[in-house]
Amino acid sequence: MPSKVFSAALLGLEAKIIEVEVDCSYGLRCFNIVGLPDQAVQEARERVGAAIESSGFQSPHHQPVRVLVSLAPADLKKEGSIYDLPIALGYLLAAEKIKFDPSGKIILGELALDGRLRPIKGVISFATLGQEKGFSQLILPKENAIEAGLIKGIKVFGVENLKEAIDYLEGKKEILAQETKIEDFFQIPNYPIDLGYIKGQESSKRALEIAAAGGHNLLMMGPPGAGKTLLAKAIPSILPPLSFGESLEVTKIYSIAGLLPQEKPLINLRPFRSPHHTSSEVALIGGGNPPRPGEITLAHRGVLFMDEFPEFHRDVLESLRQPIEEGKITVLRAKHSLTLPASFILVAASNPCPCGNLGDPEKKCQCTNSQIRMYRRKLSGPLMDRVDLFIDVPQVKYEKLASGDEENCSVKIRERVEKTREIQKERFKNEKILVNSEMEIPQIKKYCQVDLKSQDLLRKYVNSGKLSARGYHRVLKVARTVADLENSEKISFNHLAEALMYRIRED
Ligand SMILES: Nc1ncnc2c1ncn2[C@@H]1O[C@H](COP(=O)(O)OP(=O)(O)O)[C@@H](O)[C@H]1O
Ligand SMILES: [Mg+2]
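Residues numbered from 1 in each chain as written. Chains lettered and ligands numbered in written order. Predicted model: local features only at pLDDT ≥ 70, side-chain atom pairs only at ≥ 80, totals over all residues. Heavy atoms only, no water.

### Remarks on the site of ligand 1
Threshold: The rule for a residue being near a molecule or strand is that one of its heavy atoms must lie within 4 Å of it. In protein, a polar contact means a hydrogen-donor-capable atom and an acceptor-capable atom, both N or O and within 3.5 Å, with residues adjacent in sequence counting only if both atoms are side-chain atoms; elsewhere, any N or O pair within 3.5 Å suffices. Residue-level accessible areas treat just the shown protein chains as cover; the underlying method is Shrake-Rupley with a 1.4 Å probe. Strands are runs of DSSP state E lasting at least two residues, helices are runs of H or I lasting at least four, and both sets are numbered from the N terminus onward. Lys, Arg, Asp and Glu make up the charged group, whereas Ala, Val, Leu, Ile, Met, Phe, Trp, Tyr, Cys and Pro make up the nonpolar group; the residues left over, Gly among them, are polar.
The immediate surroundings of ligand 1 are formed by 13 residues, with Lys199, Gly225, Lys228, Thr229 and Leu230 found nearest. Within the backbone of Gly227, an N or O atom sits 3.1 Å from an oxygen atom of ligand 1. Interatomic distance of 2.6 Å between a side-chain N/O atom of Thr229 and an oxygen atom of ligand 1. Burial of ligand 1 by the protein amounts to 66% of the accessible area it has alone, namely 560 Å². In terms of residue count, the dominant contributor to the shell around ligand 1 is helix H8 (residues 228–234) (three residues). Across the shell around ligand 1, the residue classes break down as eight nonpolar, three polar and two charged.

### Considering the nonpolar core
Here is the rule: What we call a nonpolar core is a set of buried Ala, Val, Leu, Ile, Met, Phe, Trp, Tyr and Cys residues that are connected through their side-chain atoms within 4.5 Å. Note on classification: 1.4 Å probe, protein chains only; a residue is buried when its accessible area is under 20% of the maximum for its type, exposed when over 50%, partly exposed between these limits. Contacts are assigned to residue pairs that have any heavy atoms within 4.5 Å of one another.
In this structure, Val69, Ile87, Leu89, Leu138 and Leu162 are the most contacted members of the largest nonpolar core, which totals 68 residues. A total of eight residues in this core trace back to one element, the largest contributor, which is helix H3 (residues 84–94). Beyond its immediate sequence surroundings of up to four residues, Ile87 is in contact with Val20, Val22, Phe31, Ile33, Ala44, Val48 and Val69. Judged by nonpolar contacts, the second largest core, of 53 residues, contains Leu195, Ala234, Val303 and Tyr447.

### Regarding the packing of aromatic side chains
Geometry of an aromatic ring pair is reported as the spacing of the ring centres plus the angle between the planes. Applied cut-off: Note on aromatic contacts: the rings of Phe and Tyr and the six-membered ring of Trp form a pair at centre separations within 6.5 Å, being stacked when their planes are under 30 degrees apart, edge-to-face when over 60 apart, and tilted otherwise. In this scheme, the term charge over a ring applies when either NZ of a lysine or CZ of an arginine sits within 6 Å of the ring centre and within 35 degrees of the ring normal.
Throughout the structure, instances matching the rule amount to five aromatic pairs. Both rings, one in Phe428 and one in Tyr447, keep their centres 5.6 Å apart while their planes meet at 85 degrees; by these two values the pair is edge-to-face. With Phe428 in the loop between helix H17 (409–427) and helix H18 (441–447) and Tyr447 in helix H18, this pair connects stretches of sequence that are 19 residues apart. Tyr447 shares its class with Phe428; the two are buried. In this structure, Lys453 is placed above the aromatic ring of Phe493, and the distance from its NZ or CZ to the ring centre is 4.1 Å.

### Side note on helix H7 (residues 202–214)
As a reminder, the rule being used: Here, expected helix span is obtained from the residue count minus one, scaled by 1.5 Å.
In this model, H7 (13 residues) spans 19 Å end to end at C-alpha, consistent with the 18 Å of a helix rising 1.5 Å per residue. Counting buried positions along H7 gives ten out of 13 residues, so the element sits mostly inside the fold. Listing the buried residues of H7 in full gives Ser204, Lys205, Ala207, Leu208, Glu209, Ile210, Ala211, Ala212, Ala213 and Gly214.

### What to know about the packing of H3 against helix H6 (residues 162–169)
The criterion, for reference: To obtain an axis, a line is fitted to C-alpha atoms, over the contacting stretch when the element is a helix, and the angle between two such axes runs from 0 to 180 degrees between their N-to-C directions. Any angle that falls under 35 degrees is termed roughly parallel, while one over 145 is termed roughly antiparallel, one within 65 to 115 roughly perpendicular, and all others oblique. Crossing handedness follows the turn of the near helix against the far one: under a right angle anticlockwise gives a left-handed crossing, and clockwise gives a right-handed one.
Following both chains from N to C, one finds H3 and H6 inclined at 55 degrees, their axes separated by 11 Å at the closest point. As the angle between them shows, H3 and H6 are arranged oblique. When the axes of H3 and H6 are compared, the crossing they make is right-handed. Residue-level inspection shows Leu85, Ala88, Leu89 and Leu92 of H3 in contact with H6, the latter providing Leu162, Ala165, Ile166 and Leu169. A class-by-class count of the residues in the contact of H3 with H6 yields eight nonpolar, no polar and no charged.

### Quick word on the pattern of salt bridges
The condition that has to hold: Here, a salt bridge means any side-chain nitrogen of Lys or Arg that lies within 4 Å of a carboxyl oxygen of Asp or Glu.
Here the structure, examined in full by the defined rule, presents 25 salt bridges. Note that Arg503 is salt-bridged to Asp385, the shortest N-O span being 3.0 Å. Here Arg503, found in helix H21 (residues 493–503), pairs with Asp385, found in the loop between helix H15 (381–384) and strand S18 (389–392); they are 118 residues apart in sequence, far enough to count as distant. Using a relative accessible area of 7% as the deciding quantity, one classes Arg503 as buried. For Asp385, a relative accessible area of 17% translates into the label buried. Measuring nitrogen to oxygen at the nearest pair gives 2.7 Å for the salt bridge that ties Arg427 to Asp484. Of this pair, Arg427 sits in helix H17 while Asp484 sits in helix H20 (residues 469–485), and the two are 57 residues apart along the sequence. With relative accessibility at 17%, the residue Arg427 sits in the buried group. One salt-bridge network, held together by shared partners, links Glu325, Asp385, Arg386, Asp388, Arg470, Arg474 and Arg503.

### Overview of the side chain of Asp385
A distance of 2.8 Å separates the side chain of Asp385 from the side chain of Ser468, its partner in a polar contact. Look past the residues within four positions of Asp385 in its chain and what remains in contact with it is Ser468, Arg470, Gly471, Arg474 and Arg503.

### Let's talk about the sheet that holds S18
To summarise the sheet geometry, strands pair through backbone hydrogen bonds and adopt either a parallel or an antiparallel arrangement. Selection rule: DSSP bridges decide pairing: two strands pair if at least two such bridges lie between them.
Pairing is parallel across the open sheet formed by five strands, whose spatial order is S11-S14-S17-S10-S18. Each edge of the sheet is formed by a strand with only one pairing partner; in this case those strands are strand S11 (272–273) and S18. Two strands pair when backbone bridges link them, and S11 and strand S14 (residues 303–306) are joined in this way by two bridges, in the parallel orientation. Residue Arg273 lies in a different strand from S14, and its bridge partner there is Leu304. Strands in contact with H7 are strand S10 (218–221), strand S17 (345–350) and S18; relative to S18, the strand with the most contacts, it is inclined by about 160 degrees.

### Overview of the pairing of strand S1 (residues 3–11)
As defined by bridge partners, S1 adjoins strand S2 (residues 14–26) across nine bridges and the pair is classed as antiparallel. Within the sheet, the bridge partner assigned to Leu10 lies in S2 and is Ala15. Between S1 and S2, which pair antiparallel one after the other, the connecting turn spans two residues, and Gly12 there sits at a positive phi close to 70 degrees.

### What to know about the pairing of S14
Because side chains alternate across S14, one face comprises the buried residues Val303 and Phe305, and the other comprises Leu304 and Met306, equally buried. Here four bridges tie S14 to S17, and the two strands are oriented parallel to one another. Residue pairing across strands places Leu304 opposite Leu346, the latter belonging to S17.

Next up, the structure:
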């Protein structure tokens, strides 16, 4: 009799149920897997055969049986080694070597040749799927049990090897369902770099606060050693902690990327990613085969810091345009397109020219005009139009540098940022967004009304070509955040003027 057990496949952050059907018949020895399996799934035949033998049963490879494994739905590509365990159990069930009821159970796991189970990726997505589809049990490698247990409403059973899975399913061995206490994994955030460590730079700190409060993108320009990298690294210390919902979302991403530490299966700190400027397009935006989330997805709900911004490849910079606008990235695959979230604060840093001395009153710039032009070209155009706050980070004077420490200045700023985020949460409670930077045109119309004097100022900049249509909308969003920081319902002229000051570059 053919058997049918349930497993699952990942599609981006979401998962889908896969039915694993196995048919055994007497005949010439053969073992086929159909249903768009990739190479790793095909190789399950070998792993499954060896693991079955190591668990005390006869391998199908040593008997006169024809085994046909069908993975349904057939048009969905199946990847990786997670089907080893369901295939092995399905075979033993179809061959009537074991007996159990597979209904209501999702089974996943890679088998080693000796029958041990190896951990898999994307477990939270699988547990969420099972819970949503009304499955009662999730059976997977023991190492993944704690992580899967973060999702309530489905019982999680971690097993060490094929034999243990069989004994559990046949009722010969009792295994306790995983109990994961979510509170145990909430880490108290610690911030290695406090804004208080950075002397002077008051206007940069103000801009950082606005960026953190409303989720706006930022570019810092200044000579080497002025503190740009340090400022960027201090941003996590002024961002509010992740909510539980956001935590799960970020954890899912790190789980499918295989970057989740087993002993700390919940991420509740905002991501801070700083890819090197030699990074490829795939590393940055994601993709490849099998597809992996890129840096922009790993930075979701946090910060993407691009140091030495003009040194990134032009194609890489261009590929950022669409995700910055949409807060997500669509990677095209052979048959399907895959959409991953990518809502982050872009923080870019740049020297004023390749040698870094341009504009310095003391040091002479070594660059030729064309070198400067080439360098600056990357700092203009459509991508830069998506940056909301341009700030100059000058060299600080000795008196400031040598002054005493300002203790924990980040705490106060973080409190203001959190308050401002609360205002935004309340404002957008019926919309699908969290922060001002995510507003689209109808929301901008609704929430970003400005007075006549402000309109006159905006008109002047738009008509003189200094502000594009996109820039106009972005300025209004920043002005909204500036007003929110003062808990002001209305956007005043001063709020707007401050927002414009960060936007307009006079060079
Ligand atoms: N404003 C500042 N206050 C305190 N230390 C600073 C400041 N600016 C720079 N530094 C020191 O200089 C080092 C280099 O700064 P960095 O952020 O790497 O500069 P940049 O990225 O602009 O080249 C920092 O690690 C820090 O020790
Ligand atoms: Mg630097």
